[in-house]
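Residue-level listing of the chains:
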Amino acid sequence: MRLHLTLFGAFLEGIAGTTSRASAQARQDSLQFAGVAYLANAQEVDAKFTVSRKIERLAGQQGRPLGGVLLAAFRRASIPVRTGLARSNGLAVALAFDDEYRTVEALQGVGYKVVTTLSGQILTIDFGEAMATVVSALPVITEYVDVQEQRPGPRYDDAVAEAMLPLIVGDAETNLLFAAATVFASLPAPGPTLCRVRLDVGSLDSTTVWLSASRFGADSARIRQALHNTLIRTWVTAARQPMLPSASSQAQGQMQARFANGEIYRLRVPDPDYILEVSDIRARRAEAGGNAARRVDAVGLQFDASVVEPMSHTTVTRGTFRRVVMDTIPTLRQETDTWTGVVNSAKALTAAIAAAARRDDRRWFEANDVAHTSYPTLPAWLRKCAP
Amino acid sequence: MRPLTSSLGIRLFTGLLFAPWVLPAQVVSEKGTATKPFTGPPICATPKGVGRDKRPLEDCSQPSATEIRTLQRLAALNAVERLVAGDGESSTRAFERIRDSLTTRFDQIVLGVLELSRSVDTDSKQVTMHVRADISDARLRDLLRATAANTSATAAERSMMGMFMLARSQIGVQRFDVERRESSSTMANARVDGRADSARKAHEAESLKGASVTLDDRVTSTRGITLSAESTSTVARSGTSIARADRVAYTVAAAQDLESAIGSKLNVAGYEPVEGALLEDDGEPPLLDEVRADFGTGDDLKATTLRRMLAAARRQSVRFVLVGFVEGGLPSTDEVSGSQRVDAKVTAKVYDLSGRLPRTVVTVGPTVHFGLGPDAGTARTNAIKSAAEETARAVLDQLSNKQVR
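All residue numbers here refer to positions counted from 1 along the written sequence of the relevant chain. Ligands are numbered from 1 and chains lettered from A, in the order in which they are written. Where local features are concerned, this predicted model is filtered to residues with pLDDT of at least 70; where side-chain atom pairs are given and counted, the filter is 80 or more; whole-chain, interface and lining totals use all residues. Side-chain figures throughout are based on the complete set of non-hydrogen atoms in the structure, without hydrogens or water.

Some words on the confidence of the model for chain B
Residues and elements named next belong to chain B.
- Residue-level confidence of the predictor is summarised by pLDDT, bounded by 0 at the bottom and 100 at the top. Here chain B averages 75 in pLDDT, while 71% of its residues score no lower than 70.
- The contact criterion used is simple: two residues touch if any of their non-hydrogen atoms lie within 4.5 Å. Low pLDDT, under 50, characterises residues 1–25; the stretch is placed with 133 contacts to residues that sit more than four places away or in other chains.
- Two summary scores accompany this predicted model of the complex, namely pTM at 0.67 and ipTM at 0.72.

As structure tokens, then:
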């Protein structure tokens, strides 16, 4: 079984420029280590997180429990964590799995493309307030892409868990937890006046739903969640702007988590200062070239982005943005990868907006911002909220 | 299933959000708003304007930096008030008393202010600002209590408060099924009606016609019998359902956790807490045993026990007596979290013995708190801790609200 990593290198490269700047800051504080948790009702954990639970068990059997690997990863990344969770004593950090799902797409005459997605967050939790409050979240999303001759059977989870285990708790310098800890350490330590921003994903048009049907069917909630993860990851990476956990990642605005000390907490996510809403998402796709082995598609994406201050309902900034990216697809996956084009274009557009706002690049906004209303308010807002 | 290795791949996506980890503990964030008229920079105060045409400066349509700073503080104070308002009426009243002193201690209470939005109405010359303030909760609470309690008093001037804190835990609950008693009665009615009819008609006639005589003699006879029968049967059932209250067995012990939690807060607030065991009156049975016995069998103290308790306190020149009960329920499994859950019901009263007759100055509860934990013991401790903190806060708020010293 041959494994290879894709995109991960590109992601780390994206944040490399900020790592050195952030790591130069002295950290006088320290975080309590709260371990690994599941964001779900206790009765639902085994049913909802089948692969994650198997990975957790396998890791424990091999003497590399997830909590221990995560703690080592934090310390290797020079994050000042200490063990011994005391609820009344400030900030704690934990890895919490929040979702797990699988999609199966038929490949014509070949088999099935199976994608298993594990989703989690490195949560920073403030125990200083009246109740445990999540003040930050660092999404950690892992996709296992596999092609099988037949649809996955009941034993498939075991195979996936074994295959993913080395990537999550394997080699100390390259495993997923260390990578996540490194990203976490690279972020600046903001003060109490840093904005609390939440990103919401609004409406999708029918074409976007159709393009994603190969992966998610007509499950628009799942499409939005997947797009949300993509947008949030890209935005924060490019704009380096803090954000709260998404509203959709919690059940009814509250999260439940069991931590290393065995206690179960109801976690509260504070109200956002601003809501960055991406809505009216429209995707179009057209063949633009290629050959027998691969096809090149042009994928266009357009959405509205607005920033609203919810207390006064003041719209801080609003704009309509569009972008076209070229998507090259091997013949083998042409039928299944229409969704990838949407994701890639969403990432490209989001990264471009964030980067231009961060650079305060008026020309980019003039060339791409249809409404021309978001300049200069968007860069100014970004400077204020993520200085 | 055979994996196609050429297509096998793993893609790792890692996203990142922010990590503000320098927020100090006991800092609470709250939003606030303020609206204020503005005049602009000082030069705008000149009603005649500037320049030959006496036009107002463009800057006069915007608030000055000083006015913005003032408005920001006002909005932050509004955030503090909103935070306090969430704690109830007594806290709000206490806030009114510290409003002025809060201005002087602004920097200690409000640790940071983030301006979220600002709208300027140039026509009415008013500016509205929304902010999020990070507030030192602990310092704010201390300030609220310090204004009301006699913290500045010397030890001799402080009022003593005797504390009788007891905790009882359910050790068993005997539940009775609903008893059903039924009775039934049957009523049967039967009726048969019969009627026999009989009629006989006779007819005789003679007719003379010439020399002949015709005689006609006819007899008509009819008979009828009508029978009807009716039978009704009625069954009446009635019954009573008898439900008995659960028979609960308790174990009673001194509530050390509750006592220490409340005692420490009373101490900070300027009272001299005295443990109930020190107020014994040397009677038989010992006072605490009698209190425990009462609490072990019911929810209320007997009148004689209460009088004896207050009399013992009065003899020791203790002005206030705090009587608090906490009752821990049986552990159960929390359906949501899967952990053990224990409920704790708390009631508390404070009696003022300064007058001829004791009077109740504080009544708290009953309030129910719950604790979660991996085992029943931890859950019970968490429940009692939560109950103690809330009870202490409520007691002190009411004492300060009534200006009891």
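Re the sheet that holds strand β10 (residues 274–290) of chain A
Residue and element names in this part refer to chain A.
- The criterion for strand pairing is that DSSP finds at least two bridges linking the strands in question. Here a strand is any run of E in DSSP of at least two residues, a helix any run of H or I of at least four, and the numbering for each starts at the N terminus. Read across the sheet, 4 strands follow the order β7-β10-β11-β12 without closing on themselves; strand pairing throughout is mixed. Either end of the sheet is taken by a strand with one partner, and the two such strands are β7 (197–201) and β12 (314–330). With strand direction ignored, the average angle separating the axes of adjacent strands in the sheet is 25 degrees.
- Where β10 meets strand β11 (residues 294–309), 13 bridges bridge the pair, whose relative direction is antiparallel. By the bridge assignment, S279 is partnered in β11 with D304. Here an axis means a line fitted to C-alpha atoms, over the contact stretch when the element is a helix, while the angle between two N-to-C directions is reported on a 0 to 180 degree scale.

Looking at the state of the cysteines
Residue and element names in this part refer to chain A.
- Our working definition of a disulfide is a cysteine sulfur pair at a distance within 2.5 Å. Scanning the model with the defined rule gives 1 disulfide over all chains in all.
- For C195, the disulfide goes to C385, at an S-S distance of 2.1 Å. Looking along the S-S bond of the C195-C385 disulfide, the torsion reads about -70 degrees, which is the left-handed sense. With C195 in the loop between α6 (176–186) and β7 and C385 in helix α12 (residues 377–385), this pair connects stretches of sequence that are 190 residues apart.

Re the packing of aromatic side chains
- Aromatic pairing here means that ring centres of Phe, Tyr or Trp (its six-membered ring) are within 6.5 Å. Orientation follows from the plane angle: under 30 degrees is stacked, over 60 is edge-to-face, and everything else is tilted. If you walk through the whole model with that rule in mind, you get 10 aromatic pairs over all chains.
- For the ring pair A:Y38 and A:F97, a centre distance of 5.4 Å and an interplane angle of 25 degrees mean the geometry is stacked. Taken together, the residues span a long stretch of sequence, with A:Y38 in strand β2 (residues 31–38) and A:F97 in strand β4 (residues 91–107) at a distance of 59 residues. By the burial criterion, A:Y38 is buried, and A:F97 matches it.
- On the basis of an interplanar angle of 25 degrees and a centroid distance of 6.3 Å, the ring pair of A:F321 and A:W364 is categorised as stacked. With A:F321 in strand β12 and A:W364 in helix α11 (residues 362–368), the pair connects residues that are 43 residues apart, well separated along the chain.
- Joined through ring pairs, the aromatic side chains of A:Y38, A:F49 and A:F97 make up one cluster.
- Only when the NZ of Lys or the CZ of Arg is both within 6 Å of the ring centre and within 35 degrees of the ring normal is a charge said to sit over the ring. Here B:R341 stacks its cationic end above the ring of B:F370, 4.1 Å away from the centre of that ring. Burial classes follow relative accessibility: with a 1.4 Å probe on protein chains only, a residue under 20% of its type's maximum area counts as buried, one over 50% as exposed, and anything between as partly exposed.

Some remarks on the pairing of strand β13 (residues 359–373) of chain B
Residue and element names in this part refer to chain B.
- Sheet analysis places strand β12 (residues 340–352) next to β13, joined by 12 bridges and oriented antiparallel. In the sheet register, A344 faces β13, and the bridge partner there is H369.
- Linking β12 back to β13 in an antiparallel pair, the connection comprises 6 residues.

With respect to the packing of helix α9 (residues 220–239) of chain A against helix α10 (residues 338–359) of chain A
All names here are of chain A.
- Two elements in contact, α9 and α10, have axes whose closest approach is 8 Å; the angle formed by their N-to-C orientations is 30 degrees. Put simply, α9 runs roughly parallel to α10. Seen along the crossing, α9 lies across α10 with a hand that is right-handed. Along the contact surface, α9 presents I223, A226, L227, T230, L231, T234, W235, A238 and A239, while α10 presents W339, V342, V343, A346, K347, T350, A351, I353, A354, A355 and R358. Reported orientations rely on four angle classes, namely roughly parallel under 35 degrees, roughly antiparallel over 145, roughly perpendicular from 65 to 115, and oblique for the rest. What makes a crossing left-handed is the near helix being turned counterclockwise from the far one by less than a right angle; a clockwise turn instead makes it right-handed.

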